[in-house]
Amino acid sequence: MNYSLLLLSIILVCVARTNRFEHKIFCSNGNLFKRSHRFGFLPTASIIRHFLNAIYDANVEQYIKDLNILLESRKEGIRFLMAMKLDETFSKPSSVDGDFTPLHSNKACLPECFSPDPNESELLIHLLVERVHYRDYQGKGEGLERVTIGVLDFRAPDGFIFLPPWMFSSLNIKERDIVRVHKTRLSDAISVRLRPTSGSIFSVEDQKSFLEKRLKYYSNLTKNTTISILDQNSNNVFNFKVVNIATENKENVEAASIQDVDVAVDLLPVQFNSV
């Protein structure tokens, strides 16, 4: 056994643990959250880096757990969760039929702490997911500060949330980033305006009928997100930017519910970037 290599690894771990430093980060609402830097300044040997990052992830998970215990004691209904991507292994709920797939919806897999009260239907639960600023790639003006989501199920491990891939792009986050989650109330939408990112949708007959049918897999919409819709007949995925959402009392809102309501869908022309 190479004891010199073992000793070097132990020294590097000790250096990493003693040279971490914390900086303050804030949610979009100003709430404080602290995080230790990842060990990017250490030698880049893959095994050592992987080992140290595993230590970091374990520390973050424990910190999230401790923070959520504190928030639970305050009865604020807020949780900090580590974001992961949904994939095809997540089955659709029994209450949903047709060609539903979680990847092309706004449904999230949540921990049990968000499960509804006995008199509350999970179909009517709306939640707000806010990104937490602490990554270099989360610069100002890149990505939305928050999006609304619906419920897929409550099977996520404590401290985690599983989101559709398109939400990671909208929020400009990556897997294992921290998000702030809490329930919210939304008014019902009466109309939405969607702009396709390409002209392929216009090859579909009766585009509005197609969209109205597929939008039932979204319990709510957030302005300026780019949502994805799957056509299982052709296996094509169509992406649409949510340009405008109107409710009965307001012409232009940030987010609204489209669950079990009749919503008029206005399909806008593709907007090509000028050269």
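This write-up is about the structure you can find in this document. Remember, predicted model here, so these are calculated numbers, not experimental data.

Once that is clear, we can look at the layout of surface pockets. Empty space left among the atoms is revealed by rolling a probe the size of a water molecule over them. Volume-wise, the second largest pocket comes out at about 240 Å³. Lining the second largest pocket are Leu 71, Glu 72, Lys 75, Glu 76, Gly 77, Arg 79, Cys 113, Phe 114, Ser 115 and Lys 183.

Next up on the list: the packing of aromatic side chains. Under the counting rule described, the total for this entry stands at two aromatic pairs. Note on Phe 210 and Phe 238: the rings are 5.8 Å apart at their centroids and 90° apart in plane angle, and the pair reads as edge-to-face. Of this pair, Phe 210 sits in helix H4 (residues 207-214) while Phe 238 sits in strand S12 (residues 236-247), and the two are 28 residues apart along the sequence. Here Phe 210 matches Phe 238 in class, with each residue buried. Here the basic side chain of Lys 85 rests over the ring of Phe 168, its NZ or CZ set 5.5 Å away from the ring centre.

Before going further, it helps to examine the sheet that holds strand S11 (residues 226-231). Within the open sheet, the four strands sit side by side as S11-S12-S9-S14. Their pairing is mixed. Pairing within the sheet leaves two strands with one partner each, and these edge strands are S11 and strand S14 (264-267). Taking the axes of each pair of neighbouring strands and ignoring which way they run, one obtains an average angle of 35° across the sheet.

Here the focus is the nonpolar core. In this structure, Leu 110, Val 129, Ile 149, Ile 161, Leu 163, Ile 227 and Phe 240 are the most contacted members of the largest nonpolar core, which totals 44 residues. Setting aside chain neighbours within four positions, we find Leu 110 in contact with Leu 127, Ile 149, Val 151, Asp 153, Phe 154, Arg 155, Ala 156 and Ile 161. The next biggest cluster of nonpolar side chains, apart from the first, holds 19 residues, and it includes Leu 71, Phe 80, Leu 86 and Ile 178.

For Asn 249, the position within the fold is in the loop between S12 and strand S13 (255-257). Separated by 60 residues in sequence, Asn 249 and Ala 189 have C-alpha atoms that sit 9.6 Å apart.

Between side chains of opposite charge, pairing is possible as soon as their charged atoms come close. Throughout the structure, instances matching the rule amount to six salt bridges. One salt bridge in this structure joins Arg 131 and Glu 145, with 3.5 Å as the shortest N-O distance. In this pair, Arg 131 sits in strand S5 (residues 126-131) while Glu 145 sits in the loop between S5 and strand S6 (146-156), placing the two residues 14 residues apart along the sequence. For Arg 131, a relative accessible area of 0% translates into the label buried. Here Glu 145 falls in the partly exposed class, since its relative accessible area comes to 31%. Two residues, Glu 254 and Arg 146, come together in a salt bridge whose shortest N-O distance is 2.9 Å.

In this section: the environment of Thr 225. Here Thr 225 shows up in the loop between strand S10 (220-222) and S11. Thr 225 sits in the buried class, given a relative accessible area of 0%. Between the C-alpha atom of Thr 225 and that of Asn 239, which follows or precedes it by 14 residues, the distance is 10.0 Å. When near neighbours in sequence (up to four residues on either side) are disregarded, Thr 225 contacts Leu 144, Val 147, Trp 166, Ser 170, Phe 240, Lys 241 and Val 242. Polar side-chain contacts of Thr 225 include one of 2.6 Å to the backbone oxygen of Thr 222.

Attention shifts here to H4. Taken as a whole, H4 has its buried residues at Phe 210, Leu 211 and Arg 214. Along H4, the residues classed as buried sweep out an arc of 95° about the axis, all on the same side. Looking at the packing, one finds that the buried side of H4 touches strand S9 (189-196), S11, S12 and S14.

Cut-offs and rules
- Residues numbered from 1 in each chain as written.
- Predicted model: local features only at pLDDT ≥ 70, side-chain atom pairs only at ≥ 80, totals over all residues.
- Heavy atoms only, no water.
- 1 Å grid on protein atoms, 1.4 Å probe; cavity = no way out; pocket = protein on both sides within 12 Å on 5 of 7 lines; lining within 4 Å.
- Points joined across faces, edges and corners; volume = space filled by probe spheres on them.
- Phe/Tyr/Trp six-rings, centres within 6.5 Å; stacked < 30°, edge-to-face > 60°.
- Helix = DSSP H or I, 4+ residues; strand = E, 2+ residues; numbered from the N terminus.
- Buried < 20%, exposed > 50% of the residue type's maximum accessible area, 1.4 Å probe, protein only.
- Lys NZ or Arg CZ within 6 Å of the ring centre and 35° of its normal.
- Pairing = 2+ DSSP bridges.
- Axes fitted to C-alpha atoms, helices over the stretch in contact; angles between N-to-C directions.
- Core = buried A, V, L, I, M, F, W, Y, C linked by side-chain atoms within 4.5 Å.
- Contact = heavy atoms within 4.5 Å.
- Salt bridge = Lys/Arg side-chain N within 4 Å of Asp/Glu carboxyl O.
- Polar contact = N/O pair within 3.5 Å; in protein donor to acceptor, adjacent residues only side chain to side chain.
- Arc of directions from axis to C-beta.

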